[in-house]
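Close look at the chain arrangement
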Amino acid sequence: MALYLIESSLHGIVSAKEELDQKVSELQGKLNENQASLIELQVSKGFSRAFFIVEAENQKAATETLKDIQIPIHLVKQVRLVGKELEDVKKNNEVVNYLVEWNLPEDLTMEQYLERKKKNSVHYQEVPEVTFSRTYVCEDMTKCLCFYDAPDEEAVKRARNAVKTPIDSITEILADK
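Given the structure is predicted, the values throughout are model-derived calculations rather than measurements.

This part takes up the side chain of Glu40. Checked against the element boundaries, Glu40 lands in strand β2 (residues 37–43). Here the side chain of Glu40 touches Gln42 through a polar contact of 2.8 Å, side chain to side chain. Polar contacts involving the side chain of Glu40 include one to the side chain of Tyr136, which spans 2.4 Å. When residues no more than four places from it in sequence are discounted, the contact partners of Glu40 are Phe51, Phe52, Ile53, Val89, Arg134 and Tyr136.

For the rest of this paragraph, the subject is the sheet that holds strand β4 (residues 75–82). In a beta sheet, neighbouring strands are held together by backbone hydrogen bonds and run either parallel or antiparallel to one another. With antiparallel pairing, the eight strands of this open sheet are ordered in space as β2-β3-β1-β4-β6-β7-β5-β8. Edge positions in the sheet fall to β2 and β8 (169–172), since each of these pairs with one other strand and no more. Across the sheet, the axes of successive neighbouring strands diverge by a mean angle of 30°, strand direction being ignored. Those strands touched by helix α2 (residues 59–68) are β1 (2–8), β3 (50–56) and β4, and its axis lies near 35° from that of β1. Across the sheet, helix α5 (residues 153–162) lies against β5 (98–103), β7 (143–149) and β8, angled at about 45° from β5, the strand it touches most.

Taking 1.5 Å per residue as the helical rise, helix α1 (residues 17–33) with its 17 residues ought to reach 24 Å, and the 25 Å between its terminal C-alpha atoms agrees with that figure. Considered for burial, the residues of α1 that qualify are Leu20, Lys23, Val24, Leu27 and Leu31. Axial view of α1: buried residues confined to an arc of 105°, hence all on one face. Along α1, exposed side chains directed more than 90 degrees from the buried face belong to Glu18, Gln22 and Glu33. Close packing links the buried residues of α1 with β2, β3 and α2. Just downstream of α1 lies Gln35, where phi reads positive at about 55°.

Calculation notes
- Residues numbered from 1 in each chain as written.
- Predicted model: local features only at pLDDT ≥ 70, side-chain atom pairs only at ≥ 80, totals over all residues.
- Heavy atoms only, no water.
- Helix = DSSP H or I, 4+ residues; strand = E, 2+ residues; numbered from the N terminus.
- Polar contact = N/O pair within 3.5 Å; in protein donor to acceptor, adjacent residues only side chain to side chain.
- Contact = heavy atoms within 4.5 Å.
- Pairing = 2+ DSSP bridges.
- Axes fitted to C-alpha atoms, helices over the stretch in contact; angles between N-to-C directions.
- Expected span 1.5 Å × (residues − 1).
- Buried < 20%, exposed > 50% of the residue type's maximum accessible area, 1.4 Å probe, protein only.
- Arc of directions from axis to C-beta.

In structure tokens:
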């Protein structure tokens, strides 16, 4: 089984938490029929961006179900989870409210990325109001998504500065889907 990041927009598809919950329930049922599962879904305020993490045998199994229930797909990438065990993420007992995207430099390898992360992550303690949760790194090394619990966007920026890691975009996500 592999993990897939599927980026979408739910704007115009759902407009309230209740509608989102209903769509997620429908999606989970259909994914289960295809021996796939929704690991997590993070959605921006306003539903303009959605980040699905799906575990499936292959990309087709991960994406066809979303297409079947009329969810548009903007990007699909196989990803690796870093900073958290998959079983812990599946428990869904952690609050995250900010997502940082970083478009990785072309010459960075996965090994270099992981070494850099290990070396720099100790600096998160310099910004105690921010809690780093996890990262999904695209296996093709094009980008990564990092999830945080923070009081505001400025705190996230301070945390990223402390670990010497750039930001290409910050998205405030619904804290309680």
